[in-house]
Amino acid sequence: MLNSTAIGIALAVNSGELSATDLANEALARIAERDGEIGAFLAVTRDLARRHAERVDDAVRRGKSLPLAGVPLAIKDNMCVTGTPTTCASKILDGWIAPYTSTAVQRLLDAGAIPLGKTNLDEFAMGSSCENSALGKTVNPWDRARVPGGSSGGSVAAVAAGEATIALGSDTGGSIREPAAFCNVVGFKPTYGRVSRYGLIAFASSLDQIGPIAKTVADAALVYDLMAGRDPMDATTVDLLPEPTLTGLREDLRGVRIGIVKEFGLEKLEPSVRAVYERAYEDLQKLGAELVEVALPTADYGVATYYLIAPAECSSNLARFDGMRYGLRVEGADVGSTYEQTRAAGFGDEVKRRILIGTYALSSGYYDAYYVRAQKARTLIAADFKKAFAACDAIACPAAASPAFEFNAKADPVSMYLMDYYTIPMSLAGLPSLSVPCGYVTPEGGTLPMPLGLELSGPLFAERSLLGIAHAYERATLHAQARTIPEIVATAGAK
Ligand code: GLN
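Here the structure is a predicted model, which means the values were calculated and not measured.

Draft legend 1. Highlighting the overall build of the chain. Regarding its fold elements, the chain presents 16 helices and 11 strands. Principal-axis analysis of the C-alpha atoms places the extent of the chain at approximately 65 × 55 × 50 Å. The buried share of the chain, taken over its 495 residues, is 61%. Long-range contacts, defined here as pairs at least 24 residues apart, represent 77% of the contacts in the chain between residues at least 6 apart. Distance from the positive charge centre (47 side chains) to the negative charge centre (56 side chains) of the chain: 2 Å.

Draft legend 2. Focus on the sheet that holds strand S11 (residues 450-457). Across the sheet, which stays open at both edges, the 11 strands sit in the order S1-S3-S2-S4-S6-S5-S10-S11-S9-S7-S8 with mixed pairing between neighbours. Each edge of the open sheet carries a strand with a single partner, namely strand S1 (41-44) and strand S8 (290-294). Ignoring which end each strand starts from, the neighbouring axes of this sheet average 30° apart. Sheet topology places strand S5 (residues 186-189) next to strand S6 (residues 209-214); 2 bridges connect them, and they run antiparallel. What sits directly across from Val 186, in S6, is Ala 214. Each of strand S4 (166-171), S5, S6 and strand S10 (433-441) is contacted by helix H7 (residues 217-227), which is oriented at about 145° to S6, the strand it contacts most. Those strands touched by helix H15 (residues 463-476) are S5, strand S7 (257-261), strand S9 (394-398), S10 and S11, and its axis lies near 15° from that of S10.

Draft legend 3. Broad picture of the nonpolar core. Counting 158 residues, the largest nonpolar core has Phe 124 and Leu 454 as its most contacted members. Among residues more than four places away in sequence, those in contact with Phe 124 are Cys 88, Ser 90, Ile 92, Leu 93, Ile 201, Phe 203, Leu 318, Phe 321, Phe 347 and Val 351.

Draft legend 4. Representation of the packing of helix H9 (residues 302-317) against helix H12 (residues 367-388) in the model. Orientation of H9 relative to H12, taken along the N-to-C sense of each, is 125°, at an axis distance of 9 Å. One element, H9, and the other, H12, form an angle in the oblique class. In this structure, H9 meets H12 at a crossing whose hand is left-handed. Contacts between H9 and H12 involve Gly 302, Thr 305, Leu 308, Ile 309, Ala 312 and Glu 313 from the former and Tyr 370, Tyr 371, Ala 374, Gln 375, Ala 377, Arg 378 and Ile 381 from the latter.

Draft legend 5. Focus on the packing of aromatic side chains. This model, assessed by the stated rule, comprises 18 aromatic pairs. Both rings, one in Tyr 360 and one in Tyr 370, keep their centres 5.9 Å apart while their planes meet at 45°; by these two values the pair is tilted. Taken together, the positions of Tyr 360 in helix H11 (residues 349-362) and Tyr 370 in helix H12 put the pair 10 residues apart, joining distant regions of the chain. Accessibility expressed as a relative area gives 41% for Tyr 360, which makes it partly exposed. Positioned above the aromatic ring of Phe 407, the side-chain terminus of Lys 137 is 4.1 Å from the ring centre. For the cation-ring pair, Lys 410 lies above Phe 405, with the distance from its terminal atom to the ring centre recorded as 5.2 Å.

Draft legend 6. Main features of the confidence of the model for the chain. In the predicted model, the chain carries a mean pLDDT of 95, and the fraction of residues at 70 or more is 96%. Counted against residues more than four places away or in other chains, residues 483-495, with its pLDDT under 50, gives 18 contacts.

Draft legend 7. Quick look at the side chain of Lys 215. Inspection of the secondary structure assignment puts Lys 215 in the loop between S6 and H7. Of the buried charged residues, Lys 215 lacks a salt bridge, with Asp 219 as the closest side chain of opposite charge at 6.5 Å. A distance of 3.4 Å separates the side chain of Lys 215 from the backbone oxygen of Leu 2, its partner in a polar contact. A distance of 2.9 Å separates a polar atom in the side chain of Lys 215 from the backbone oxygen of Ser 4.

Draft legend 8. Region of interest: the site of the ligand. Around the ligand, a shell composed of 15 residues is seen, among which Gly 173, Ser 175, Tyr 306, Arg 354 and Asp 420 lie nearest. The backbone of Gly 127 places a nitrogen or oxygen atom 2.8 Å from an oxygen atom of the ligand. The side chain of Tyr 306 places a nitrogen or oxygen atom 2.6 Å from an oxygen atom of the ligand. Bound to the protein, the ligand loses 100% of the 290 Å² it would expose on its own. Residues of the shell around the ligand, tallied by class, amount to 5 nonpolar, 7 polar and 3 charged.

Definitions and limits used
- Every chain is numbered independently, its residues counted from 1 as its sequence is written.
- In keeping with the predicted nature of the model, local features appear solely for residues at pLDDT of at least 70, side-chain atom pairs appear and are counted solely at 80 or more, and the whole-chain, interface and lining totals rest on all residues.
- Where side-chain values are given, they derive from all heavy atoms of the structure, hydrogens and water being excluded.
- Strands here are runs of E lasting at least two residues and helices are runs of H or I lasting at least four, both read from the DSSP assignment and numbered beginning at the N terminus.
- Type-normalised accessible area, obtained with a 1.4 Å probe on protein chains alone, sets the label of each residue: buried when under 20%, exposed when over 50%, and partly exposed for intermediate values.
- Contact criterion: two residues are considered in contact whenever any of their non-hydrogen atoms come within 4.5 Å of each other.
- His is not counted here, nor are the chain ends, while Lys and Arg score as positive and Asp and Glu score as negative.
- Each charge is placed at NZ for Lys, CZ for Arg, CG for Asp and CD for Glu.
- Any two strands between which DSSP finds at least two bridges are classified as paired.
- A fitted line through C-alpha atoms represents every axis, and for helices the fit uses only the stretch in contact; the resulting angles, taken between N-to-C directions, go from 0 to 180 degrees.
- Among buried residues, those of type Ala, Val, Leu, Ile, Met, Phe, Trp, Tyr and Cys that are joined through side-chain atoms within 4.5 Å constitute a nonpolar core.
- Should an angle fall under 35 degrees it is called roughly parallel, over 145 degrees roughly antiparallel, and 65 to 115 degrees roughly perpendicular, with every other angle called oblique.
- Crossings are assigned a handedness: left-handed for a near helix turned anticlockwise from the far helix by less than a right angle, right-handed for a clockwise turn.
- Centres within 6.5 Å are what make two rings of Phe, Tyr or Trp a pair, Trp counting through its six-membered ring; a difference in plane orientation under 30 degrees is then read as stacked, over 60 as edge-to-face, and the rest as tilted.
- Note on criteria: charge over ring means Lys NZ or Arg CZ within 6 Å of the ring centre, with the direction from the centre no more than 35 degrees off the ring normal.
- Here pLDDT means the predictor's own confidence in every residue, given as a number from 0 to 100.
- For this analysis, a salt bridge means a side-chain nitrogen from Lys or Arg found within 4 Å of a carboxyl oxygen belonging to Asp or Glu.
- Two N or O atoms form a polar contact when they lie within 3.5 Å of each other; inside protein one atom must be a possible hydrogen donor and the other a possible acceptor, and for residues adjacent in sequence the pair counts only when both atoms belong to side chains.
- When we say a residue is near a molecule or strand, we mean one of its heavy atoms is within 4 Å of it.
- The Shrake-Rupley method, run with a 1.4 Å probe sphere, supplies the accessible areas, and residue values consider only the shown protein chains as cover.
- Polar here means any residue other than Ala, Val, Leu, Ile, Met, Phe, Trp, Tyr, Cys and Pro, which are nonpolar, and Asp, Glu, Lys and Arg, which are charged; Gly is therefore polar.

This is the structure we're talking about:
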């Protein structure tokens, strides 16, 4: 049953056919058996999982029906869960125990999900490969010599390796969509403000958004529906009643206009990768969609804009880690040196790099030249999307320019930053955007086929229509059928 979808599991548990406790034990056994190789989890919350499973079984016995009854859930380790370690994969928070639970997680637990543990990420969600974690290494279940993508690498690897049925990730500039593409799962970033950030440890507050990682679009829709909506604890959540998406899933794309971005021309891609995306666009057409060319003339400035705004916000957000309140404290001769030594020992290189860039961009002499200018560019990017969406219902493009790469292949930080070329513009504009499996390529020099993801993005708050379109594509193509790692890949990778 562990290989089933969340919807399938919830049905079986609610009908009494399956016990949540048995399922939780099965999931924990699978983690014990596989996670030594995969490294998806930083902490496994066995007791918590069993306690929740008992509660679900009790509720079902009393005749209650829960939308996520018994569904094994993995949680990215930048989300607080009461009484569990929450580290952001940083030494500075190693050993810190969260005193409260984030709203998004709480809503899933209330719906009957079983919290299996906390998953690995790039430190404070800064990265595109999961290699910036200070606390563990996660491999891509499709090829263990390759990265799972980042920053939500642990969450996608857990779902791809069958260790969890659903997972939560956070996406600031692509951290749900890019790893989902690398590991052949569905990863969905909702509109900014749809899902509460309360209890999500902040990286860049104007961009951060929690979203579901799942094996199918329908599962992602269900998880999103349960999490979305106003939260009094997060003033940036919108006061708009979210339309349910699970009931909006469709089987064809008749009457749908899909925008193909002129500036994202496929000719820039490797021929084998390009062929996969050409085929994906054809498949959309075969389903009845009309493909229309749209222009995003400022999208090329996305990465540069993001790498001013995100570091600026992170330099401010991470000021709170000073050895006084949370986690690590390295005692110095006075308060100032305690701050300095704690931060010097606690943060990794990438986090320090961003704090430096952000502090510089916000400093009085440079604020107008860098930060304000980046904010203006962000407004122009959002305006381009608005214009594009006058001509189409959703935009299709690659989630990333290549499949998952090998460890240490992107040692130059800028080459890593460019991995988010296709995901960052949507984040800057706050749009809902997802990655859905769309095919495989065998990378040059590689022996194993690696998955690719099709990114679909919609106008603000158009989650229902977007997930509907993604579902039709997923149903009509075969890629989703290889949702779990074929045994042959699992064995080949283990060698
Ligand atoms: N890779 C991007 C970065 O390093 C995005 C990360 C994210 O979405 N959290 O900032």
